[in-house]
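These are the residues of each chain, in order.
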Amino acid sequence: MTSSSSPSKDTKRLEQTYPEGLRADALMEEDVAWSHENDPKWDGEQFDRSDRAALRRVAGLSTELEDVTEVEYRQLRLERVVLVGVWTSGTVRDAENSLAELAALAETAGALVLDGVVQRRDKPDAATYIGSGKAEELRDVVHDTGADTVICDGELSPGQLIHLEDVVKVKVIDRTALILDIFAQHAKSREGKAQVALAQMQYMLPRLRGWGQSLSRQMGGGKGGGLATRGPGETKIETDRRRIREKMAKMRREIAEMKTGREIKRQERKRHKVPSVAIAGYTNAGKSSLLNRLTGAGVLVENALFATLDPTVRRAETPSGRLYTLADTVGFVRHLPHHLVEAFRSTMEEVGDSDLILHVVDGSHPVPEEQLAAVREVIRDVGATDVPEIVVINKADMADPLVLQRLMRVEKRSIAVSARTGKGIDELLALIDNDLPRPSVEIEALVPYTHGKLVARAHDEGEVISEEHTPEGTLLKLRVHEELAAELTPYVPAPAL
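Computed from a predicted structure; not experimentally measured. (Residues numbered from 1 in each chain as written. Predicted model: local features only at pLDDT ≥ 70, side-chain atom pairs only at ≥ 80, totals over all residues. Heavy atoms only, no water.)

Colleague: Give me the lowdown on the overall build of the protein chain, citing residues and values where you can.
Modeller: In terms of regular secondary structure, the protein chain is built from 17 helices and 15 strands. Counting across all 497 residues of the protein chain, residues that qualify as buried make up 40%. Of all intrachain contacts in the protein chain linking residues separated by at least 6 positions in sequence, the fraction that spans at least 24 positions is 66%. Put simply, the protein chain shows about 29500 Å² of open surface, and 52% of that area lies on carbon and sulfur atoms. (Helix = DSSP H or I, 4+ residues; strand = E, 2+ residues; numbered from the N terminus. Buried < 20%, exposed > 50% of the residue type's maximum accessible area, 1.4 Å probe, protein only. Contact = heavy atoms within 4.5 Å. Areas by Shrake-Rupley, 256 points an atom, 1.4 Å probe, with all protein chains shown as cover.)

Colleague: So, the pairing of strand E8 (residues 312-317): which residues are in play, and what are the values?
Modeller: One ladder, built from six bridges, connects E8 with strand E9 (residues 323-328); its direction is antiparallel. For Thr312, the partnering residue across the bridge sits in E9 and is Asp328. Taken together, E8 and the strand that follows it, E9, pair antiparallel across an intervening segment of five residues, in which Gly321 is found at a positive phi of about 95 degrees. (Pairing = 2+ DSSP bridges.)

Colleague: Break down the sheet that holds E9 for me, citing the residues and quoting the values.
Modeller: The strands making up a sheet associate through hydrogen bonds between their backbones, and the pairing can be parallel or antiparallel. In spatial order, the strands read E8-E9-E7-E10-E11-E12; together these six strands make up an open sheet with mixed pairing. Because the sheet does not close on itself, it has two edges, and the strands there are E8 and strand E12 (414-416). Strand-to-strand twist across the sheet, computed as the mean angle between neighbouring axes with direction ignored, equals 25 degrees. Judged from the three bridges that link them, strand E11 (residues 389-394) and E12 form a sheet pairing that is parallel. Bridging across to E12, Val391 finds its partner in Ser414. The strands that helix H13 (residues 368-381) touches are strand E7 (276-281), strand E10 (356-362) and E11; relative to E10, the one it contacts most, it runs at about 145 degrees. (Axes fitted to C-alpha atoms, helices over the stretch in contact; angles between N-to-C directions.)

Colleague: Outline H13, listing residues and values.
Modeller: Look at H13: 20 Å from first C-alpha to last across 14 residues, which is about the 20 Å you get at 1.5 Å a residue. Downstream of H13 by one or two residues, Gly383 has phi in the positive range, about 75 degrees. (Expected span 1.5 Å × (residues − 1).)

Colleague: Break down the pattern of salt bridges for me, citing the residues and quoting the values.
Modeller: Scanning all chains against the criterion turns up 15 salt bridges. With a closest N to O distance of 2.4 Å, Glu101 and Arg175 form a salt bridge. With Glu101 in helix H4 (residues 92-108) and Arg175 in helix H7 (residues 175-186), the pair connects residues that are 74 residues apart, well separated along the chain. Since its relative accessible area comes to 10%, Glu101 is described here as buried. For Arg175, a relative accessible area of 3% puts it in the buried group. Across the pair Arg207 and Glu155 runs a salt bridge whose closest N-O atoms are separated by 3.4 Å. One end of the pair, Arg207, is in the loop between helix H8 (190-204) and strand E5 (217-219); the other, Glu155, is in the loop between strand E3 (149-152) and helix H6 (158-168), with 52 residues separating them in the sequence. One connected set of salt bridges, linked through shared partners, spans Glu101, Asp153 and Arg175. (Salt bridge = Lys/Arg side-chain N within 4 Å of Asp/Glu carboxyl O.)

Colleague: I'd like to hear about the sheet that holds strand E4 (residues 171-174), residue by residue, with values.
Modeller: Strands sit in the order E2-E1-E3-E4 across an open sheet of four strands; the sheet is parallel. Pairing within the sheet leaves two strands with one partner each, and these edge strands are strand E2 (111-120) and E4. In this sheet, neighbouring strand axes are inclined to one another by 25 degrees on average, regardless of whether the strands run parallel or antiparallel. Note: E3 against E4, four bridges, orientation parallel. Residue pairing across strands places Val150 opposite Val172, the latter belonging to E4. Lying over the sheet, helix H5 (residues 132-145) contacts strand E1 (79-87), E2 and E3, oriented at roughly 155 degrees with respect to E1.

Colleague: Hey, could you go over the nonpolar core for me, with residue numbers and the actual values?
Modeller: Ranked by internal contacts, the top residues of the largest apolar core, which has 78 residues, are Phe332, Leu358, Val392 and Leu428. Residue contributions to this core peak at six residues, all from H7. For Val392, the residues in contact, after removing those within four places along its chain, are Leu290, Leu358, His359, Val360, Val361, Ile415, Val417 and Leu428. Listed in part, the 12 residues of the second largest apolar core include Leu454, Leu478, Ala485 and Leu488. (Core = buried A, V, L, I, M, F, W, Y, C linked by side-chain atoms within 4.5 Å.)

Colleague: Help me get a handle on the packing of H13 against helix H14 (residues 401-410), residues and values and all.
Modeller: For the pair H13 and H14, the least separation of the axes is 11 Å and the interaxial angle reads 40 degrees. Considering the angle they form, H13 stands oblique to H14. The residues of H14 that touch H13, namely those facing Pro368, Glu369 and Leu372, are Val403, Arg406 and Leu407. Here the contact of H13 with H14 is composed, by residue class, of four nonpolar, no polar and two charged. (Parallel < 35°, antiparallel > 145°, perpendicular 65-115°, else oblique. Nonpolar A, V, L, I, M, F, W, Y, C, P; charged D, E, K, R; others polar.)

Colleague: Account for the pairing of E10, with residues named and values stated.
Modeller: When you tally the buried positions in E10, you get seven out of seven residues, the bulk of the element. Side chains of E10 alternate between two faces, with Leu356, Leu358, Val360 and Asp362 and Ile357, His359 and Val361 buried alike. As paired strands, E7 and E10 are joined by five bridges and run parallel to one another. The residue bridging Ala278 from the neighbouring strand is Ile357, located in E10. Looking at chain direction, E10 and E11 are connected through six bridges and run parallel. The residue of E11 that forms the bridge with Ile357 is Glu389. Remark: the E10/H13/E11 crossover connection has right-handed handedness. (Right-handed = clockwise from strand over helix to strand, strands pointing away.)

Colleague: With reference to specific residues and values, describe the confidence of the model for the protein chain.
Modeller: Model confidence for the protein chain is summarised by a mean pLDDT of 77, while 73% of its residues fall at 70 or above. Under a pLDDT of 50 for its full length, residues 222-229 has, in the predicted model, seven contacts with residues more than four places off or in other chains. (pLDDT = per-residue confidence, 0-100.)

Colleague: Quick rundown of the environment of Arg322? Include the residues and the values.
Modeller: For Arg322, the position within the fold is in the loop between E8 and E9. Sequence spacing of Arg322 and Arg438 is 116 residues, and the spatial spacing of their C-alpha atoms is 9.6 Å.

Right, here's the structure in full:
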């Protein structure tokens, strides 16, 4: 501890610079120079008690944008991912195409893909998916690239996820979790959100993990309390699983109620004998673009996987004037998780209950045959194999002509179109008109002008072959269904003698 009577450094400096008689004057001059605005009456900052205890704002530290438009140019922190796949069958090109699709899924989810690796194996390793040695090599790749997530091109078991994370030391997710994340981002309607939530809970239920005390058992409730217990109760993870099962049961009931409303609308269309056409196909094949081109629906069109999830039903008309409905369905993908197929079954029933399926395939894809096979597998799962199908090869303006020829040679009922330019749309409409189910009864009726509603129904629900306005009424020759034919029978003109 320094004594207060010892000379300070300033005093020593003054002793060396000034003579003894001038030291006091020099000290006074220094005090005046450092005083507040050279005011001798100033006696330091005097604050009230409340001011001394208050928070003080430090100027110059705010990073708030002065111009809100600068937000558009600020880069968000994206997850940096490394992709890994196991190549069990097929060619090298097949494995690379599968990993390229996984990269497109990751980018759609908002991740930044840094690298991708493929391991050749007869089957995935039961412990770490790619084997312990390759897992250590993957850890080096993750370290060198600075990635914070590894995405595996397959559905991993809970044990594989845990063991691979232990080796690579970063978060590991699989293809199913990635697709569920994309669905969660793009679901907009109440039904779509409920279906995605149910699929997520089905996926997470067997993959719940505890940490530390969250795995400990709850104490039973004996008479005396304390140590007087009836034995171990539920663990925390068992409690979480029970709650998830309860939420899943509630979600299924809500989806069933929403399904009722969809079925009522579908039954109403069937009652009016309105044919239905469902657009099905691989994700990002151009289904929404085709719907907009055919009906002018104005549905969101985006160059992204699963950009639209909620089904859209629009009214359309054939070149001959027949009305029908056109339904845009959720896109399919290879190895579509069964959780999603189950959760979206009510939506996919639009395909099963339709009279015609427009199977849209991306003609510019390197291997469009794989897209066709993946979609038909899902169509088979929802029980729509008996519905007539037209293969619509979209993006014909960007496709390789040899690929188009190969597809159209293999697929007998196919047509090449471009939803962007409109090429082939007229031919497609003619095919739809030809393949839609036609009314079974052909009839000729002279409907009085006082029954205009019956004529309107004939135009809406039937196929008018000819129409002539006579003094007695409207002479119609048309094809209609049996119910409407029974209503028109009293107006059938008597045969000429």
